[in-house]
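Letter by letter, the chains look like this.
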Amino acid sequence: MGDSDIEELRQSILARVAEYYDKAHNNRPFVPGQSTVHYAGRVYDETEIQNMVSAVLDFWLTAGPYAEQFEKQLGAFIGVREVVPVNSGSSANLVALTTLCSRQLPDGLRPGDEVIVPAVSFPTTVNPIIQNRLTPVFVDSCLGDLNLDVAQLEEALSPRTRALMFAHTLGNPADMDAVMAFVQRHNLFLVEDTCDALGSKWDGRMVGTFGELATLSFYPAHHITMGEGGAVYTDRPKLAKIARAVRDWGRDCWCGYDNPVNGKCGIRFEREVPGIPGFYDHRYFYSEIGYNLKLTDPQAAMGLAQLQKLPDFIRRRKENFAYLYEGLRPYSEFLMLPTWHPKADPSWFALPLLVRDEAPFMRHQLTRFLETNQVQTRLIFAGNILRQPAYQHIEHRVAGDLSNSDQVMRGGFFVGVYPGLDRPRLDYMLDTFGRFFKQL
Ligand SMILES: Cc1ncc(COP(=O)(O)O)c(C=O)c1O
């Protein structure tokens, strides 16, 4: 078979994939009360499947041509120089914080240094602090935007404080004026977990571009998906180089996708490594204590197709949020609706709600009612994470009494706004809330 015959065969396979998608996937009938109204989910068409099949036909497997394009296009969308794809958002957080602990950074984080983090967090925003032998210092959150309470940051400070790490909760940007004033005043590193906030802006600027490093998740619940996947991004090439080493077993090699035989450095085989007699192949030269957190090319192929849809996804998330918000406003006597800063332009992950302490029902009664009626709900991650069993014995400090974190743990939950929710589904959600409140 010649090249053109092979290309023709490939195109016919991809055409059949489109046909398959249309017949097997492209029909989402909605039966109120029977079909699940998901809190999130993958939204795709034939392009995602075709891209993945194409990657499988290439049989490159490990990060390759699709990953390279994905890095470039995601970097262009966010407006950063460096994107380091990884296999999950949790891995991204681990890589980002581990990067700041590098011995290649003279002023890097060292064991025992303190990192301020909100107690209301996703676990793997906190875990890299513990995993890197740093000490988390927990601050409370605000009940309105569910972000870290910037008024408590000064109180959380000690001579060992070196960094601040937090997620922009459910896509709602934290007060970045206050955050940046604080980190600059005290010369702290900032890691922004934007796993739930791709496309959110503060004062016209993308969140994630304020700190040294930021992270993303591409799990199906997130703004774009690769199945499993994530990324670290930064404007600082030196940090990106360290992050790639941490991701890739700790090895120092920066050959990237071109991977020339003699290395990009041109001295792959003649590399002199202090402490190692003679020369040592650069590909086996380790400058970090690393992991293997890489993603595969079929994943990146899906991500690339998703990126084309991202602006539309963001628009639809905002529209769905606004529609539900207006529809739930009549129940604000019982439910605290979220607030956001005038400078914040959230690309919402979900719509958070807080059952007021004075409400004549408990959170679980409402969430059970919603779920029994096929409306999915989720809690605001770990709640006050210090109350979770795994965190009972960690070394830590606390600023304040975390009373809001406890209230979020007691009353907080969220429902979906993802682009897969059309008007009939949104109306059904509102109708289900209405039925709950009617029976009170
Ligand atoms: C704020 C936040 N950070 C990190 C993660 C972890 O991402 P992943 O599930 O891809 O590991 C999540 C997951 O949903 C998250 O919401």
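Residues numbered from 1 in each chain as written. Predicted model: local features only at pLDDT ≥ 70, side-chain atom pairs only at ≥ 80, totals over all residues. Heavy atoms only, no water.

Draft legend 1. Examining the layout of surface pockets more closely. Its boundaries defined by the atoms lining it, the largest pocket holds a volume of some 840 Å³. Forming the boundary of the largest pocket are 32 residues, of which R247, D248, C255, G256 and Y257 lie nearest the centre. Looking at the lining of the largest pocket, the elements that each hand over two or more residues are α3 (65-78), β1 (82-86) and α8 (237-247). Top element by residues in the lining of the largest pocket is α8. It accounts for six residues. Of the residues contributing to the lining of the largest pocket, the split by class is 13 nonpolar, five polar and 14 charged. (1 Å grid on protein atoms, 1.4 Å probe; cavity = no way out; pocket = protein on both sides within 12 Å on 5 of 7 lines; lining within 4 Å. Points joined across faces, edges and corners; volume = space filled by probe spheres on them. Helix = DSSP H or I, 4+ residues; strand = E, 2+ residues; numbered from the N terminus. Nonpolar A, V, L, I, M, F, W, Y, C, P; charged D, E, K, R; others polar.)

Draft legend 2. Structural context of helix α12 (residues 423-438). Relative to the 22 Å expected for 16 residues at 1.5 Å per residue, α12 spans 22 Å between its end C-alpha atoms, a close match to the ideal helical length. Taken together, the buried positions of α12 are occupied by R425, L426, Y428, M429, L430, T432, F433, G434, F436 and F437. Elements that come into contact with the buried residues of α12 comprise α9 (297-328), β10 (335-336), β12 (350-355), α10 (363-372) and β14 (412-416). (Expected span 1.5 Å × (residues − 1). Buried < 20%, exposed > 50% of the residue type's maximum accessible area, 1.4 Å probe, protein only. Contact = heavy atoms within 4.5 Å.)

Draft legend 3. Local environment of the packing of aromatic side chains. Under the criterion given, the structure shown has 19 aromatic pairs. For the ring pair F70 and F218, a centre distance of 5.5 Å and an interplane angle of 85° mean the geometry is edge-to-face. Here F70 is found in helix α3, whereas its partner F218 is found in the loop between β8 (213-217) and β9 (230-234), with 148 residues between them in sequence. Residue class for F70 comes out buried when judged on its relative accessible area of 0%. Put simply, the rings of Y331, F334, F361, F369, F436 and F437 pair up and form one aromatic cluster. Between the NZ or CZ atom of R205 and the centre of the ring of F210, over which it lies, the distance is 4.1 Å. The ring of Y323 has R423 sitting right over it, with the charged end atom 3.9 Å from the ring centre. (Phe/Tyr/Trp six-rings, centres within 6.5 Å; stacked < 30°, edge-to-face > 60°. Lys NZ or Arg CZ within 6 Å of the ring centre and 35° of its normal.)

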